[in-house]
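Architecture at a glance
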Amino acid sequence: MKSSKITAVLLASMLATSAYAIENVTVNGEAKLWYQTGVKDTSPSGVDMFQQKAAVGQAAFELSAKADIMDGLKGKVGLIALDTLGLEKSFIKDISSAGAGYENGNYYRTQVWVTEAYLDYRIDNTSVILGRQALNTPLLFTERWNTSFNTFDAAVLINSDLPNTTLVAAYINQHNGGASAGNGTDTGFPSTTMHNGESFGFGSTYDSATNTVTDGKKAAYAFGAMIKPIDDLAVNLWYYDVNSNFTAYWADAEYKMSGLFFGIQNSGIDVATAGADNAMITAAKIGYTVDKLTLDVSYSVTDEGNSGTATIANAATGDKSKVYTQAVFQDGAVVGFRDTKAWKLGANYKFDDVKLTCLLQNTQSDAHSMKDGTELDIIVVTKIAKLVDLKGIYIHRDVDMRTDPDFKQDAIRLIASVKF
């Protein structure tokens, strides 16, 4: 397992502080079992739901510790271990995360890496967070939908001296997101994280033929302002610069009033590639909450562009998005693609022990290989005996392709976890 210079220094610093009186130590953990099965009507004969050849899965065990090291200084260290538990012998065809990478294509083994290792120093209204950490910015963020989650080796400065305003400046040295690197195996399932948590610079590429990653060795800078001029209005402004790769911006505004929600988003990317057009997406959302029921409708549209135009999604994975219209499968990589329109209807209801969410989404594109796609998602979240968290997702798609055969697809995702 490769560790960046920033992470190595932070781990050494944390060990050095063990000579001091560390207080308020909190240890948390989670055990998770993740499984998904799915079929298309264009699948080869004999491939059915819940068969091994139609399934991916994995088990994860996470452990983290937080502590107050000294006045104003806190630290956190987190580890994750992934394993198939032998499921690849009878139940799954592929793993669901941390598949991209190398080592002879052997993904069916235990993988262990440091997910987080940072120091957080706060003085007055300023915090400095240094080391491997999760980020939650519009175009660079940690995705937690999969078995494992991606993190970043970064230095982050947060200041709230200005009234109703939080300013953020970040330098991101490298990350372990699966951008430009799918599993490279039979199912082609999105990776989310690189094999064994390996970290690389931005601009890295993955060659599935040789099963190797070429490190782009590019860093990223992010600057943000989160403003709340009044209690019910929030405005977020972000600017990004990935060295020699692209610059980007993100702006959004959200207003809540008596159960009503209004939101608007706009983002653009300028890729440093000869002949590539600038990318832009605009999205809007209206929602209403009454008692335990929430209803919403959203719409997004991207600019036209040539084949080099960037897709507006998470720059660390190329997969998910913060755009209102994304669905489970037709996510940021679809709605953020050039020359694409998307709409989504959403409804969720909270019962005593169950949360039910239903989404209906449609995307239409004049440039994507998927010309027209409709997706229905039904998501159920509950808890058993106040110990086991359960999440079940049913996905149905009806897709018209540009050149490949049209298809219908059904999938079921099941996630069980225990936190301690």
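For the structure, check the block above.
Notes on the structure in this doc start here. (Residues numbered from 1 in each chain as written. Predicted model: local features only at pLDDT ≥ 70, side-chain atom pairs only at ≥ 80, totals over all residues. Heavy atoms only, no water.)

**Examining the overall build of the protein chain**
Filter applied, for reference: Secondary structure follows DSSP: runs of H or I at least 4 residues long count as helices, runs of E at least 2 residues long count as strands, and numbering of each begins at the N terminus. Residue contacts are counted whenever heavy atoms from the two residues lie within 4.5 Å of one another.
Within the protein chain, the secondary structure is distributed over two helices and 20 strands. Of the contacts formed within the protein chain by residues at least 6 apart in sequence, a portion of 58% connects residues at least 24 apart.

**A closer look at the packing of aromatic side chains**
Selection criterion: For this analysis, a ring pair means two rings from Phe, Tyr or Trp (six-membered ring only for Trp) whose centres lie within 6.5 Å, classed as stacked if their planes differ by under 30 degrees, edge-to-face if by over 60, and tilted for the remaining angles. Here the term buried applies to any residue with accessible area under 20% of the maximum for its type, exposed to any over 50%, and partly exposed to those in between, with areas from a 1.4 Å probe on protein chains only. Placement of a positive charge over a ring is assigned whenever Lys NZ or Arg CZ falls within 6 Å of the ring centre and within 35 degrees of the normal to the ring plane.
Taken as a whole and judged by the stated rule, the model has six aromatic pairs. Ring geometry for Tyr171 versus Tyr221: centroids 5.3 Å apart, planes at 55°, classification tilted. Within this pair, whereas Tyr171 is found in strand β7 (residues 165-175), its partner Tyr221 is found in strand β10 (residues 220-230), the two being separated by 50 residues in sequence. Its relative accessible area of 30% is what places Tyr221 among the partly exposed residues. Relative to Tyr240, the ring of Trp238 lies with its centre 6.1 Å away and its plane at 20°, an arrangement referred to as stacked. Assessed through its relative accessible area of 7%, Trp238 is described here as buried. Of the residues examined, Tyr240 reaches a relative accessible area of 1% and is grouped as buried. Residue placement shows Lys285 over the ring face of Phe261; its charged tip is 5.4 Å from the ring centre.

**Re the pairing of strand β15 (residues 293-302)**
Note the cut-off: Being paired, for any two strands, means DSSP has found at least two bridges between them.
Here β15 shows a clear split, with Thr294, Asp296, Ser298, Ser300 and Thr302 buried on one side and none of Leu293, Leu295, Val297, Tyr299 and Val301 buried on the other. Bridge analysis of strand β14 (residues 279-290) against β15 gives 10 bridges, and the strand direction is antiparallel. Residue pairing for β15: Ala284 is matched across the bridge by Tyr299. Relative to strand β16 (residues 340-350), β15 runs antiparallel, the two being bridged by nine bridges. From the neighbouring strand, Leu293 faces β16, where its bridge partner is Tyr349.

**Some details on the environment of Ile393**
By the secondary structure assignment, Ile393 is in strand β19 (residues 388-401). Judged by relative accessible area, which is 7%, Ile393 ranks as buried. Ile393 sits 357 residues away from Gln36 along the chain, and the two C-alpha atoms are 9.1 Å apart. Residue contacts for Ile393: discarding those within four places in its chain leaves Val328, Ile378, Ile379, Ala411, Ile412 and Arg413.

**Points about unusual backbone geometry**
The backbone of Leu85 shows a phi angle near 55°, a positive value even though the residue is not glycine. Tracing the backbone shows Leu85 in the loop between β3 (73-83) and β4 (111-123). The exposed category is assigned to Leu85, whose relative accessible area is 57%. The backbone phi angle of Ala385 is positive, close to 55°, even though this residue is not glycine. Within the element layout of this structure, Ala385 appears in the loop between β18 (370-384) and β19.

**So, the pairing of β16**
Looking at chain direction, β16 and strand β17 (residues 354-365) are connected through 11 bridges and run antiparallel. From the neighbouring strand, Gly346 faces β17, where its bridge partner is Leu359. In textbook terms, the turn of a hairpin is the stretch between consecutive antiparallel strands, and for β16 and β17 this stretch comprises three residues.

**Some points on the pattern of salt bridges**
We count it as follows: We define a salt bridge as a side-chain nitrogen of Lys or Arg found within 4 Å of a carboxyl oxygen belonging to Asp or Glu.
Within this structure, the stated rule accounts for five salt bridges. The partner of Arg132 in a salt bridge is Asp153, with the nearest N and O atoms 2.8 Å apart. Linking Arg132 in strand β5 (residues 126-133) with Asp153 in strand β6 (residues 152-159), this pair joins segments that are 21 residues apart in sequence. Both residues of the pair, Arg132 and Asp153, belong to the buried class.

**Comments concerning the environment of Ala59**
Topologically, Ala59 is positioned in strand β2 (residues 55-70). Measuring from C-alpha to C-alpha, the distance between Ala59 and Thr84 comes to 5.8 Å, with 25 residues separating the pair along the chain. Ala59 has contacts with Lys32, Leu33, Ala81, Leu82, Asp83, Leu85 and Thr147, leaving out every residue within four places of it along the chain.

**Digging into the side chain of Thr294**
To keep things clear, this is the line we draw: Polar contact is the term for a pair of N or O atoms within 3.5 Å; when the atoms are in protein, one must be able to donate a hydrogen and the other to accept it, and sequence-neighboring residues count only if both atoms are side-chain atoms.
Summarising the element assignment, Thr294 is placed in strand β15. On the basis of relative accessibility, which here comes to 19%, the residue Thr294 falls in the buried class. In terms of polar contacts, Thr294 uses its side chain to reach the side chain of Thr289, at 3.0 Å. Each residue touching Thr294, except ones within four places of it in the same chain, is listed here: Tyr288, Thr289, Gly346, Ala347 and Asn348.

**Concerning the nonpolar core**
Basically, it comes down to this: Throughout this description, the term nonpolar core refers to a set of buried Ala, Val, Leu, Ile, Met, Phe, Trp, Tyr and Cys residues connected via side-chain atoms within 4.5 Å.
Grouped together as the largest cluster of nonpolar side chains are 33 residues, with contacts concentrated most on Leu140, Phe152, Val156, Ile172, Tyr240 and Ile269. Sorting the residues of this core by element identifies β6, β7, β10, β11 (233-242), β12 (246-257), β13 (260-271) and β14 as the ones contributing at least two each. In contact with Ile172, other than residues within four places in its own chain, are Leu135, Leu140, Phe152, Asp153, Ala154, Phe202, Ala219, Ala220 and Ala222.

**Focus: a nonpolar patch on the surface**
The line we're drawing: Residues qualify for a patch when their relative accessible area is over 30% and they have no salt bridge, like charges being joined within 9 Å and the nonpolar side chains of Val, Leu, Ile, Met, Phe, Trp and Tyr within 5 Å. For every accessible area listed, the method is Shrake-Rupley and the probe measures 1.4 Å; residues are considered covered only by the protein chains on display.
There is a patch of nonpolar side chains on the surface, built from Met257, Phe262, Ile286, Val297, Tyr299, Trp343, Leu345, Leu360, Leu376, Ile378 and Val380 and spanning about 850 Å² of accessible area. For the nonpolar patch, the elements supplying multiple residues, two or more each, are β15, β16 and β18. Top contributing element to the nonpolar patch by residue count: β18, with three residues. Inspection of the secondary structure puts Leu345 in strand β16. Assessed through its relative accessible area of 40%, Leu345 is described here as partly exposed.

**Notes on the side chain of Asp339**
Selection rule: In this tally Asp and Glu are treated as negative and Lys and Arg as positive; neither His nor the chain ends contributes.
Of note, Asp339 is situated in the loop between α2 (332-335) and β16. At 4.9 Å, Lys341 is the nearest oppositely charged side chain to Asp339, a buried residue that forms no salt bridge.

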